[in-house]
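Results of the structural survey
The primary structure of each chain is shown beneath.
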Amino acid sequence: MLDLLFAYLVGSLVGGLLFFPEIRGKDLPGGSGVFRQKGPTAALLAVAWDTLKGALVAWVTPEALRPYSGAFLVAGHTWPIFFRFRGGGGIAPSLGYFLVLFPKETLLATGVGLLVAGGYHLLCFRHRRGLYPIPFGSIFGYLTLFLLLRGDGRLAVGLVGLVVLLRGLQILKGRI
């Protein structure tokens, strides 16, 4: 149980808010929000931090808890206790988490997600309608990873995907 609490607390250390506290209230503190408010270098810093914290949780979590610790990590990132429960979408920490546990499958799924995001941007989003491209593409990335894995891996992706989906719906409804 302490391992899951650790995962949540590490997840709550949201890079966008740690490095750029002035972003609070202006935008989401994940990579996309930091990019919009601070530019690409700042976004890269926030995404790198959030990805590394995901990798850290995967490395230190006992194998028996790995299907669950990813969901606690992402829940911490999306509803961080240190930042009034207003965090990011959870994509970067889940990427770091899954890269450690399933590197080949995660790289393939990330490629699929980025291809879909790029196509979506070119075909739809440039007209500023709908979801942002990276969250849209990540739907396909999570689905790809889910289909590539079996057993506990599939459970982990399903639980993380559920947390990301709940946060995404919350963001779409304007309750950031």
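Right above here is the structure, for reference.
So, a few notes on the structure that sits alongside this text. Because the structure is a prediction, the values reported are computed rather than measured. (Residues numbered from 1 in each chain as written. Predicted model: local features only at pLDDT ≥ 70, side-chain atom pairs only at ≥ 80, totals over all residues. Heavy atoms only, no water.)

**Concerning the overall build of the protein chain**
The following threshold applies: By definition, any uninterrupted DSSP run of H or I lasting at least four residues is a helix, any uninterrupted run of E lasting at least two residues is a strand, and each is numbered from the N terminus. Radius of gyration: over C-alpha atoms. The globule rule applied is 2.2 Å multiplied by the number of residues raised to the 0.38 power. Burial here depends on accessible area, computed with a 1.4 Å probe over protein chains only, as a share of the maximum for the residue type. Under 20% is buried, over 50% is exposed, and the range in between is partly exposed. Between two residues, a contact is recorded if the distance between any of their heavy atoms is within 4.5 Å. The method behind every accessible area is Shrake-Rupley, applied with a 1.4 Å probe, and residues are considered shielded solely by the protein chains displayed. By the counting rule applied here, Lys and Arg register as positive and Asp and Glu as negative, while His and the ends of each chain are not counted. A charge is said to be at NZ when it belongs to Lys, at CZ for Arg, at CG for Asp and at CD for Glu.
Each helix and strand counted, the protein chain has nine helices and zero strands in total. From first element to last, N terminus to C terminus, the protein chain shows the α and β order α-α-α-α-α-α-α-α-α. A compact globule built from 176 residues would reach a C-alpha radius of gyration of about 16 Å, and the protein chain, at 15 Å, matches this within 12%. Taken along its principal axes, the extent of the C-alpha atoms in the protein chain is 45 × 35 × 30 Å. Looking at the 176 residues of the protein chain, the share that counts as buried comes to 43%. Pairs at least 24 residues apart make up 64% of the contacts formed inside the protein chain by residues separated by at least 6 positions. For the protein chain, the computed accessible surface area is about 9,400 Å², with 71% contributed by carbon and sulfur atoms. Here the protein chain carries 17 positive and 7 negative side-chain charges, and the mean point of each set is 13 Å from the other.

**What to know about helix H5 (residues 66-78)**
Test applied: One fewer than the residue count of a helix, multiplied by 1.5 Å, yields its expected span.
Given a rise of 1.5 Å per residue, 13 residues ought to cover 18 Å, and the 19 Å separating the end C-alpha atoms of H5 matches this to within 8%. The element H5 is extensively covered by neighbouring structure, given that 10 of its 13 residues are classed as buried. Among the residues making up H5, those that are buried are Pro67, Ser69, Gly70, Ala71, Leu73, Val74, Ala75, Gly76, His77 and Thr78. Its buried side turned inward, H5 meets helix H1 (2-11), helix H4 (40-60), helix H6 (91-101) and helix H9 (151-172).

**Some remarks on the pattern of salt bridges**
Side-chain pairs of opposite charge can arise whenever the charged atoms involved come near each other. So the rule is basically this: Whenever a carboxyl oxygen of Asp or Glu lies within 4 Å of a side-chain nitrogen of Lys or Arg, that contact is scored as a salt bridge.
Applying the stated criterion across every chain yields a total of three salt bridges. Residue Lys38 pairs with Glu22 through a salt bridge whose shortest N-O separation is 2.6 Å. One end of the pair, Lys38, is in helix H3 (residues 31-38); the other, Glu22, is in the loop between helix H2 (15-19) and H3, and 16 residues separate them in sequence. For Glu22, a relative accessible area of 35% gives the class partly exposed. Between Arg36 and Asp27 there is a salt bridge; the shortest N-O distance is 2.8 Å. What makes Arg36 partly exposed here is its relative accessible area of 34%. A residue is classified by how much of its surface remains accessible, and Asp27, at 16% relative accessible area, is buried.

**With respect to the packing of H6 against helix H8 (residues 133-148)**
What counts here: Axis lines are fitted through C-alpha atoms, for helices just across the contact stretch, and the angle between N-to-C directions can take any value from 0 to 180 degrees. An angle counts as roughly parallel when it lies under 35 degrees, as roughly antiparallel when it exceeds 145, as roughly perpendicular when it falls between 65 and 115, and as oblique in every other case. By convention the crossing between two helices is left-handed if the near helix lies anticlockwise of the far one by an angle smaller than a right angle, and right-handed if it lies clockwise. Amino acids outside the nonpolar list (Ala, Val, Leu, Ile, Met, Phe, Trp, Tyr, Cys, Pro) and the charged list (Asp, Glu, Lys, Arg) are all regarded as polar, and Gly is one of them.
Contact geometry for H6 and H8: axes closest at 12 Å, N-to-C directions at 30 degrees. It follows that H6 is roughly parallel to H8 by the angle criterion. In terms of crossing hand, the pair formed by H6 and H8 is left-handed. Residues Ile91, Ser94 and Phe98 of H6 form the contact with H8, whose own contacting residues are Ile134, Pro135, Ser138, Tyr142 and Leu145. Here the residues of the contact of H6 with H8 are counted per class, giving six nonpolar, two polar and no charged.

**Some remarks on the packing of H6 against helix H7 (residues 103-123)**
Between H6 and H7, the least distance of the axes is 6 Å, while the angle of their chain directions is 140 degrees. Relative to H7, H6 is oriented oblique. Judged by residue contacts, Leu95, Phe98, Leu99, Val100 and Leu101 of H6 engage Pro103, Thr106, Leu107 and Thr110 from H7. In the contact of H6 with H7, the residues fall into seven nonpolar, two polar and no charged.

**Overview of a nonpolar patch on the surface**
Heads up, the rule is: Residues qualify for a patch when their relative accessible area is over 30% and they have no salt bridge, like charges being joined within 9 Å and the nonpolar side chains of Val, Leu, Ile, Met, Phe, Trp and Tyr within 5 Å.
Among the surface-exposed residues, Leu2, Leu5, Leu9, Leu13, Leu18, Phe19, Leu45, Trp49, Ile81, Phe82 and Phe85 lie close enough to one another that they form a single nonpolar patch of about 980 Å² accessible area. When residues of the nonpolar patch are traced back to their parent elements, those giving at least two are H1, H2 and H4. Per-element accounting of the nonpolar patch gives the leading share, three residues, to H1.

**Focus on H1**
Basically, it comes down to this: In this description, one arc is meant: the one made by directions from the helix axis to the C-beta atoms.
For H1, every residue scored as buried is listed here: Leu4, Ala7, Tyr8, Val10 and Gly11. What you see down the axis of H1 is that its buried residues fit within an arc of 165 degrees, all on one side.

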